[in-house]
Amino acid sequence: MTSQRHVLVPMYIGAALTVLAALFPFLDRAVLTDHLEASYPAYTPAAIGDAVSAYLAILATVGVLGLAGWLATIMAARAGKRWAPWLAAGLLVIALCVAVAGLTIRDVSGDVGLAPLLGWLLVLPCVPGAVAVVLWRRAA
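Residues numbered from 1 in each chain as written. Predicted model: local features only at pLDDT ≥ 70, side-chain atom pairs only at ≥ 80, totals over all residues. Heavy atoms only, no water.

### Considering the overall build of the chain
Within the chain one finds six helices and zero strands. Helices and strands appear in the chain in the N-to-C order α-α-α-α-α-α. For the chain, the C-alpha atoms occupy an extent of roughly 60 × 25 × 15 Å along the three principal directions. Expressed as a percentage of its 140 residues, the buried residues of the chain come to 36%. For the chain, the computed accessible surface area is about 8200 Å², with 72% contributed by carbon and sulfur atoms. (Helix = DSSP H or I, 4+ residues; strand = E, 2+ residues; numbered from the N terminus. Buried < 20%, exposed > 50% of the residue type's maximum accessible area, 1.4 Å probe, protein only. Areas by Shrake-Rupley, 256 points an atom, 1.4 Å probe, with all protein chains shown as cover.)

So, in structure tokens, the structure goes:
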């Protein structure tokens, strides 16, 4: 049970960081707007606004799915499910893929599609996720 508590702490931190990463683009829309204006100087303000809205929808979806993953893993861990570490490891791999995609995929402008700050915010929840997986591996 003690090792379970040690695993739960980074998972709660990861869930909180996921919420932060999901909310930040809504709290500071200028990050997306400035990035898109620099990448597409010929776009009208309406086109930039549409692109910002599309990114916000995508990032909100990623945030909701990420939080659902954290909550499912936390509930499985608290219930003592034997498959919980596998769920955590699988979700970590998915999260890392999403974060790497956010940081590296270039759009038609030749620039990365997502503002780099927001891409790095996607990486933040992966850190406590990796810690939880390592702690589970050590406890096994």
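### Let's talk about the environment of Leu 67
When you line up the elements, Leu 67 lands in helix H3 (residues 45–78). Spatially, the C-alpha atoms of Leu 67 and Gly 14 are 8.7 Å apart, while their sequence positions differ by 53 residues. Here Leu 67 is in contact with Ala 15, Thr 18 and Val 19, once residues within four sequence places are set aside. (Contact = heavy atoms within 4.5 Å.)

### Regarding a nonpolar patch on the surface
A contiguous nonpolar surface patch, about 310 Å² in accessible area, is contributed by Ile 58, Val 62, Ile 94 and Val 98. Listed by contribution, the elements that provide at least two residues to the nonpolar patch are H3 and helix H4 (84–104). Its place among the elements puts Val 98 in helix H4. (Patch = residues over 30% accessible without salt bridge, like charges linked within 9 Å, V, L, I, M, F, W, Y side chains within 5 Å. Salt bridge = Lys/Arg side-chain N within 4 Å of Asp/Glu carboxyl O.)

### Details of the packing of H4 against helix H6 (residues 126–139)
Their axes nearest at 9 Å, the elements H4 and H6 cross at an angle of 150°. On the basis of their axis angle, the class for H4 and H6 is roughly antiparallel. The two elements H4 and H6 cross, and the hand of that crossing is left-handed. In contact with Ala 84, Pro 85, Ala 88, Ala 89, Leu 92, Ala 95, Leu 96 and Ala 99 of H4, H6 contributes Cys 126, Gly 129, Ala 130, Val 133 and Trp 136. Of the residues assigned to the contact of H4 with H6, the class counts are twelve nonpolar, one polar and no charged. (Axes fitted to C-alpha atoms, helices over the stretch in contact; angles between N-to-C directions. Parallel < 35°, antiparallel > 145°, perpendicular 65-115°, else oblique. Left-handed = near helix turned anticlockwise from the far one by under 90°. Nonpolar A, V, L, I, M, F, W, Y, C, P; charged D, E, K, R; others polar.)

### Here we look at the nonpolar core
Met 11, Leu 32, Leu 36, Val 52, Leu 114, Leu 118 and Trp 136 are the most contacted members of the largest nonpolar core, which has 32 residues in total. When contributions to this core are tallied by element, the ones reaching two or more residues are helix H1 (2–27), helix H2 (30–39), H3, H4, helix H5 (116–123) and H6. Contact partners of Leu 118, with chain neighbours within four places excluded, come to Phe 24, Pro 25, Val 31, Leu 32 and Leu 59. (Core = buried A, V, L, I, M, F, W, Y, C linked by side-chain atoms within 4.5 Å.)

### Side note on H2
Along H2, the residues that are buried comprise Val 31, Leu 32, His 35, Leu 36 and Ser 39. Considered in projection along H2, the buried side chains sweep an arc of 120° and stay on one side of the axis. (Arc of directions from axis to C-beta.)

### Focus on the packing of aromatic side chains
In the structure shown here, the tally under the stated rule is one aromatic pair. When the ring of Tyr 40 is compared with that of Tyr 43, the centres are 4.5 Å apart and the planes differ by 25°; the resulting orientation is stacked. (Phe/Tyr/Trp six-rings, centres within 6.5 Å; stacked < 30°, edge-to-face > 60°.)

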